[in-house]
Amino acid sequence: MTYSKKSPQRLFVTGRYTLTLLLVGAALLWLAGWLLNIGGPLAHDISLPYSLPLWAEHIISFCIYIAVAFILNSFIIIEGRTPWMGGIMMWLTGLLFSVQEDMSLSLSLFMLIMLVSILLSCYNCDVVEHRLFVTFMAAAVCTILFPQFAYILPFIVLYPMATSLISFKGLVASLLGFITPYWLYLGTATLLSQFAVEWGKLCIAWDGLWAVHIMEPSTMNIAVSALEVATMILSVFLFIRGVNPTKPLMRRTLLFFVLLNIYLWVLSIFKTQDACMLMAWRLPGLAAMSAYIFSFKFTKLFNIYFVILNIGWMAIAILGLWNGL
């Protein structure tokens, strides 16, 4: 099928300055969000030994998201050159003001992308037991700093099993890796006579994970969910019906992000208290799925989808600016 070379979708995918435009647009939206004091609630604000000005936290958060986008670009997910995939993620951080205000959101996302990087690197490595030890040790450190990482543990456990990486030695290495940070953390607390205090903090944090708060329907929530669902459904359909990406490692990595996003989206419906963090955690997957859809085919139908989807995201940003959300 012959299609115009000047379609918005084709110009976006093959454009030389696509990444630059995405980053500049994201920076301008971040600046608008800061000037208008728009952002999400500080539900997971980090306890720092010293306070930082709001503008400094804003800049640090933006830089951390840039680092996450850089790591995302290192994943081999889609065939061909897609250096703008990380740029899509940064563009989404600009459009969604709820993920900008709290520095802990960007920090937790950085920890998540590092954890995913280590996990995916277990495939086809020489000594898998060493890599599994490091993976589960990193997962334990994440759960200590952010108890919400307990939501991710099923994926950390199921991926090695689904890819036949787990053996008896691998299982032992995984258990030792997960136990080690807790052993060091609580052991140090015992030496400092703070075991009861630190153990109490962990128990309170773990108890909070069981709380269920159904997300209240609102214009913003419905609009964001609609765009996410449209992206996820089309990604799954193309993945099942299509042959791209052709390489097993690419398909496995893309499938991991798709399933993780579906899981986190469903979880966010029942975990309103962690909605902003779960939204931030879905950004890399949304960027990967969007890049996969945009670069799949250049047809009139896909171009219409590209235009409508971007209009939808822009409408969400405008709604956020209008409502101050």
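Before any of the text, the structure's been laid out above.
In this text, all values refer to a predicted model and were calculated from it rather than measured experimentally.

Colleague: What should I look at first to understand the environment of L119 in this one?
Modeller: Mapped onto the elements, L119 comes out in helix α5 (residues 103-120). What L119 contacts, discounting residues up to four positions off in sequence, is T135, F155, I156, Y159, P160 and F256.

Colleague: Any chance you could explain helix α11 (residues 248-270) here in plain terms?
Modeller: An α-helical turn contains 3.6 residues, so any two residues separated by three or four positions project in the same direction. Between its terminal C-alpha atoms α11 stretches 34 Å, which fits the 33 Å expected from 23 residues at 1.5 Å a residue. Residues of α11 that are buried: M250, T253, L254, F256, F257, V258, L260, N261, L264, W265, L267 and S268.

Colleague: How should the environment of N323 be read in this particular structure?
Modeller: For N323, the location among the structural elements is in helix α13 (residues 300-323). For N323, a relative accessible area of 41% translates into the label partly exposed. With 253 residues separating them in the primary sequence, N323 and F70 have C-alpha atoms 31 Å apart.

Colleague: Would you explain the packing of α5 against helix α12 (residues 275-294) in this entry?
Modeller: To characterise two packed helices, one gives the angle between the axes of the helices and the distance between these axes. With their axes 9 Å apart at the nearest point, α5 and α12 run at an angle of 45 degrees to one another. As far as their axial angle goes, α12 and α5 are oblique. For the element pair α5 and α12, the recorded crossing hand is right-handed. Here α5 contributes L105, S108, L109, L112 and I113 to the contact with α12, which in turn contributes C276, M277, A280, W281 and P284.

Colleague: Explain the packing of aromatic side chains to me, please; I cannot follow it from the model alone.
Modeller: Applying the stated rule across the entire model yields 19 aromatic pairs. For the pair F12 and W84, a centre-to-centre distance of 5.2 Å together with 65 degrees between the ring planes defines the contact as edge-to-face. Here the residue F12 occupies a position in helix α1 (residues 8-14), and W84 occupies one in the loop between α3 (54-74) and α4 (85-95), the gap between them amounting to 72 residues. We note that F12, like W84, is buried. Each ring, one from W30 and one from Y65, has its centre 5.7 Å from the other, and the planes form 65 degrees; the classification is edge-to-face. Of this pair, W30 sits in helix α2 (residues 18-35) while Y65 sits in helix α3, and the two are 35 residues apart along the sequence.

Colleague: I would appreciate a short explanation of the environment of A140 in the present structure.
Modeller: Looking at the secondary structure, you find A140 in helix α6 (residues 128-145). Sequence-distant contacts of A140, defined by excluding residues within four places in its chain, comprise F178, P181 and Y182.

Colleague: It is not clear to me how the pattern of salt bridges should be interpreted in this structure. Could you clarify?
Modeller: Any two side chains of opposite charge can pair if their charged atoms end up close together. According to the stated counting rule, one finds two salt bridges in the structure shown. The residue K201 makes a salt bridge to E198 at a minimum N-O spacing of 3.8 Å. Here E198 and K201 lie together in helix α9 (residues 195-209), a separation of three residues that amounts to about one turn. In this structure E198 comes out as buried when scored by relative accessible area, which is 17%. A salt bridge links R282 to E228; the nearest nitrogen and oxygen atoms lie 2.6 Å apart. On the criterion of sequence distance, the pair formed by R282 in helix α12 and E228 in helix α10 (residues 219-241) is long-range, its members being 54 residues apart. Accessibility classification places R282 together with E228 in one group, the buried group.

What counts and what doesn't
- Residues numbered from 1 in each chain as written.
- Predicted model: local features only at pLDDT ≥ 70, side-chain atom pairs only at ≥ 80, totals over all residues.
- Heavy atoms only, no water.
- Helix = DSSP H or I, 4+ residues; strand = E, 2+ residues; numbered from the N terminus.
- Contact = heavy atoms within 4.5 Å.
- Expected span 1.5 Å × (residues − 1).
- Buried < 20%, exposed > 50% of the residue type's maximum accessible area, 1.4 Å probe, protein only.
- Axes fitted to C-alpha atoms, helices over the stretch in contact; angles between N-to-C directions.
- Parallel < 35°, antiparallel > 145°, perpendicular 65-115°, else oblique.
- Left-handed = near helix turned anticlockwise from the far one by under 90°.
- Phe/Tyr/Trp six-rings, centres within 6.5 Å; stacked < 30°, edge-to-face > 60°.
- Salt bridge = Lys/Arg side-chain N within 4 Å of Asp/Glu carboxyl O.

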